[in-house]
Amino acid sequence: VVGTPAGTGRHHVGAEQSLGPYINTLALRLRPEADWSFAQVLEHVTTKTRAAIEHAEVPFEEVVAALSLPRDFSRTPVFQTLFAFRRIEDDGWTIPGLSAAIEPMAQTTIQTDLCCWITEDDGRINIELEYSSALFEKRLVANFLQALQHYLAQATTDCSRPWMRIPLQREAESAALQKAGPQLSGELPGASVTDLIWSAAAAHPTEIAVSSADGSITYADLRQRSLQVAANLGRAGVKKGEVVGLAVARSERLPLAILGLLQAGAAYVPLDPELPSDRLRHIESDSGIRYLVSDLTAEGGAPAFAGQILYLDALESGSGPDDAQLLRECQPGEGDLAYLMYTSGSTGVPKGVEVGHGQVRNLLAAFGDLLSIGRGDVLAAITTVSFDISVLELLLPLCAGARVHVVSERLAADGRLLMEEIEQCGATCMQATPATWRMLLDAGWKGSSNLQVLCGGEALPLTLASELRQSCAALFNVYGPTETTVWSSVARVDENPTAIDIGQPIANTRIYVVDEHLAPVPSGVEGEIVIGGDGVAFGYRGQKALTEQRFLADPFHDGARLYRTGDLGRWLPNGRLEHLGRLDTQLKIRGYRIEAGDVEYNLAISPEVSEVAVSKRTGPQGDERLVAFVVPEQGRELDPISLRRHMRERVPGYMIPQHFVALERLPLTPNLKVDYQRLPGLERLDLRGAQAVPPRTESEKLVAEIWSEFLGADGLSVADNFMELGGHSLLTMKVAAEIARQTGVELGPQDFFSRTLGGMAAQLDANKGSEDTRHRARPSSRVFPQWFPRLLRRFFFKRE
């Protein structure tokens, strides 16, 4: 809807003798179809304008009153953009005894957000924009004017062209924005990921390649042992190009197992033992795996597997005279599959992304150039192998003669223990999500002047960026979907950042911002981010239709492909990219990529649920939370604990909503689809129930007060469990820090899983009077049962 001024009232008798502007404002509703020609659009606008002028005497104020629209005094009602045409006929403006001329007047206020004046003067057409400086930057408005001029020149050259396909982007701007990321420095050795690593191994055979709390492996040993694994895989029947399951504990042997699989010409697909059994069975069936490489026993948490389990101990032992021949036959190449990663799917089942050696080599080489990692550097790897950012953590240091230090689940799940591990291993580089970095800072981490920080997986808050930048040697904000091999763009954050963007493409990567017809849009204009170049994955395993929908032929480079991310973005005037959210219902929560449809599908099959919509909301501590808005089945009341148990059997822990909100009905759009924009906000929850036992002792009241503050809930019972009420990893560390501040008792993440509110209060009472409460020794990992680290992984440090 566009406003336009119209002269009216002068035809009334006597009006010609009165002074003042007889002007009314018309609201034009224009609905041109996307496939119309420019000439058809002109005809549509002409028809609508003439129809509106026939009713020009109806005061705009009466139109507003008749519509009964909610009023927002920060903007004009009905429309926020005004279009005005004026023709100046300068005949001298002479009056006997006087002379007159048109003089421009300086204007410091504006009635609408944006006003476009078209002036025709002696055959010359001028375009001016008046704009609210609180909403628009001067450079953006100047670029808009240039784009409009370019568009009109193109449109009037051939009015039969579809109006939506006439380019807005000027050739010079297009060339500037469509250039690829930097080229890699130097030629990469070999043709596979393992070729890159063995090149470094040959130069540093005695250096430590991999370490963990349990041991270390030199480059020479890593090569020898992984080649032995590869040869034994071949003898066991693993064929080149085959996908093999991987379930190996987080230790120094994890990279060894991965390299053995890659050297055998196989691709790996992680099987997280903590995934629900239905989801594991789907991954096993969808990927078609016959073998599983593991060092876990059934008692130690190995996933149930119908095929053959190849134990890592056995794969590392023995040798045969045909080892060299086996390795030559299975040598991987650039076009071979390296790994298969499963991500949340909108249809309720995960989908597998196929990534090859060539894509991974480009990623590793690009970040090797960017970070200048080399001998003496240590990268602390904290991410579970079932998420693709682990590829960078586990393999990048090995391509440069540096060391990868594999951090166990237990240490990575506790901010205080992780802080100590970073210091003890001498880390000079670490990658994590914003939630993990916030957890570290909340735990008291002071940073390191030698540490390069990579932060990605979700939006990096400006406040967190400022804190991190003051705590490290360099901070990089990274962005990229699984389908374009981990990261596709990077932004080095300034020392005193004022805004956060996602920077520019990494090496051999092209990024475009396009409209729905894949036409690039000008700088400053929102559009879909699409990514091309050497990082684009092969596609989705066994899903040809979905692959063709998301992976398209690159219209700008013959023979290349683009991936449609579904992310909304725009180019900034400085040539960097800004991320603006999603075009669909996909969500990012604490680094996890979650399809809302996946969660909704699994909730909807519960007999308690009639309808459901899932979205994210900001919690009382500023953290992002997954919220399910549920219409219960008739005659049933919403039971969040029951629904959480239902979801725990079907989806990973990070996909279980923290909050369940009961609604009588879901808001709908005119097309009868769920209107996610009109879902309510997150209000404080009242958990009072007939079975609730309110806090009684001072310790119970203290714990309840702290829990209530961080959960945003009232009416807590002594039988409540923090995680059952929607707690998550970030909150556990904050709550533990607050309890320690007020009582001196240090709690670990395990306390929030295993203890009720009453149990935690009893633990505080038990520690009262202990003189060394604040400094008591932290428990060894051996006191935790073997299942405990896997339990933590359901809630901590995952990203797709």
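Residues numbered from 1 in each chain as written. Predicted model: local features only at pLDDT ≥ 70, side-chain atom pairs only at ≥ 80, totals over all residues. Heavy atoms only, no water.

(A) Representation of the overall build of the chain in the model. Within the chain one finds 24 helices and 33 strands. Its C-alpha radius of gyration of 31 Å places the chain within 12% of the 28 Å reference for a compact globule of 800 residues. Residues classed as buried in the chain amount to 53% of the 800 residues present. Across the chain, every contact between residues at least 6 apart in sequence was considered, and the portion connecting residues at least 24 apart equals 65%. As presented, the chain carries roughly 37,000 Å² of accessible surface, and 51% of it is formed by carbon and sulfur atoms. (Helix = DSSP H or I, 4+ residues; strand = E, 2+ residues; numbered from the N terminus. Rg over C-alpha atoms; globule rule 2.2 N^0.38 Å. Buried < 20%, exposed > 50% of the residue type's maximum accessible area, 1.4 Å probe, protein only. Contact = heavy atoms within 4.5 Å. Areas by Shrake-Rupley, 256 points an atom, 1.4 Å probe, with all protein chains shown as cover.)

(B) The arrangement of a nonpolar patch on the surface in detail. On the surface, V58, V63, L67 and L69 cluster together into a nonpolar patch covering about 290 Å² of accessible area. Looking at where L69 falls in the secondary structure, it is placed in the loop between α2 (60-67) and β3 (81-88). (Patch = residues over 30% accessible without salt bridge, like charges linked within 9 Å, V, L, I, M, F, W, Y side chains within 5 Å. Salt bridge = Lys/Arg side-chain N within 4 Å of Asp/Glu carboxyl O.)

(C) Local environment of the nonpolar core. Judged by nonpolar contacts, the single largest core of 76 residues is most densely connected at L246, Y268 and F367. Setting aside anything within four residues of it in sequence, one finds F367 in contact with S372, L392, L396, L454, V478, W487 and I506. Counting 32 residues, the second-largest nonpolar core is a separate cluster that includes A432, L441, C455 and L730. (Core = buried A, V, L, I, M, F, W, Y, C linked by side-chain atoms within 4.5 Å.)

(D) Highlighting the pairing of strand β8 (residues 243-247). In terms of burial, β8 is largely enclosed, as five of its five residues are buried. The two faces of β8 match: V243, G245 and A247 on one face and V244 and L246 on the other face are all buried. Alignment of β8 against strand β9 (residues 267-270), held across four bridges, turns out to be parallel. By the bridge assignment for β9, G245 is matched with V269. One crossover worth recording links β8 to the parallel β9 by way of helix α7 (residues 253-263), and it is right-handed. As paired strands, β8 and strand β10 (residues 291-294) are joined by three bridges and run parallel to one another. Its bridge partner being in β10, A247 is matched across the sheet by S294. (Pairing = 2+ DSSP bridges. Right-handed = clockwise from strand over helix to strand, strands pointing away.)

(E) The side chain of E595, seen in detail. One can find E595 in strand β28 (residues 592-595). Under the relative-accessibility criterion, E595 is labelled buried at 8%. Among the polar contacts listed, one links the side chain of E595 to the side chain of Q586, at a separation of 3.0 Å. (Polar contact = N/O pair within 3.5 Å; in protein donor to acceptor, adjacent residues only side chain to side chain.)

(F) Seen up close, the layout of surface pockets. Computed from the structure, the second largest pocket encloses a volume of approximately 1,300 Å³. The wall of the second largest pocket is formed by 38 residues, among which R86, Q107, C115, W117 and E130 lie closest to the centre. Put simply, the parts of the chain that give the lining of the second largest pocket at least two residues each are β2 (23-28), α2, β3, β4 (114-121) and β5 (124-131). Residue composition of the lining of the second largest pocket, grouped by class: 20 nonpolar, 11 polar and seven charged. (1 Å grid on protein atoms, 1.4 Å probe; cavity = no way out; pocket = protein on both sides within 12 Å on 5 of 7 lines; lining within 4 Å. Points joined across faces, edges and corners; volume = space filled by probe spheres on them. Nonpolar A, V, L, I, M, F, W, Y, C, P; charged D, E, K, R; others polar.)

(G) Geometry of helix α1 (residues 38-53). Helix length check: α1 (16 residues) gives 23 Å between terminal C-alpha atoms against 22 Å at 1.5 Å per residue, within 8%. Looking at α1, one finds that the buried residues are F38, V41, H44 and A52. Viewed along the axis of α1, the buried residues span an arc of 115°, placing them on a single side of the element. Of the residues in α1, the exposed ones pointing more than 90 degrees away from the buried face are E43, T47 and R50. Residues of α1 that are buried sit in contact with β2 and α3 (138-157). (Expected span 1.5 Å × (residues − 1). Arc of directions from axis to C-beta.)

(H) Examining the packing of aromatic side chains more closely. Inspection of the entire model under this criterion finds 10 aromatic pairs. Aromatic pair F38 and Y151: ring centres 6.1 Å apart, planes at 70°, arrangement edge-to-face. Of this pair, F38 sits in helix α1 while Y151 sits in helix α3, and the two are 113 residues apart along the sequence. The residues F38 and Y151 share a single accessibility class, namely buried. Between F60 and F79, the ring centres sit 5.4 Å apart and the planes meet at 50°, which makes this aromatic pair tilted. A residue pair is termed long-range when its members are at least 10 positions apart, and F60 in helix α2 and F79 in the loop between α2 and β3 qualify at 19 residues. Assigned by exposure class, F60 and F79 land together as buried. (Phe/Tyr/Trp six-rings, centres within 6.5 Å; stacked < 30°, edge-to-face > 60°.)

(I) Representation of unusual backbone geometry within the structure. Unlike most non-glycine residues, V486 shows phi in positive territory, near 70°. Assignment of secondary structure puts V486 in the loop between β18 (472-479) and β19 (489-492). Its identity as a non-glycine residue notwithstanding, N508 has a phi of 55°, on the positive side.

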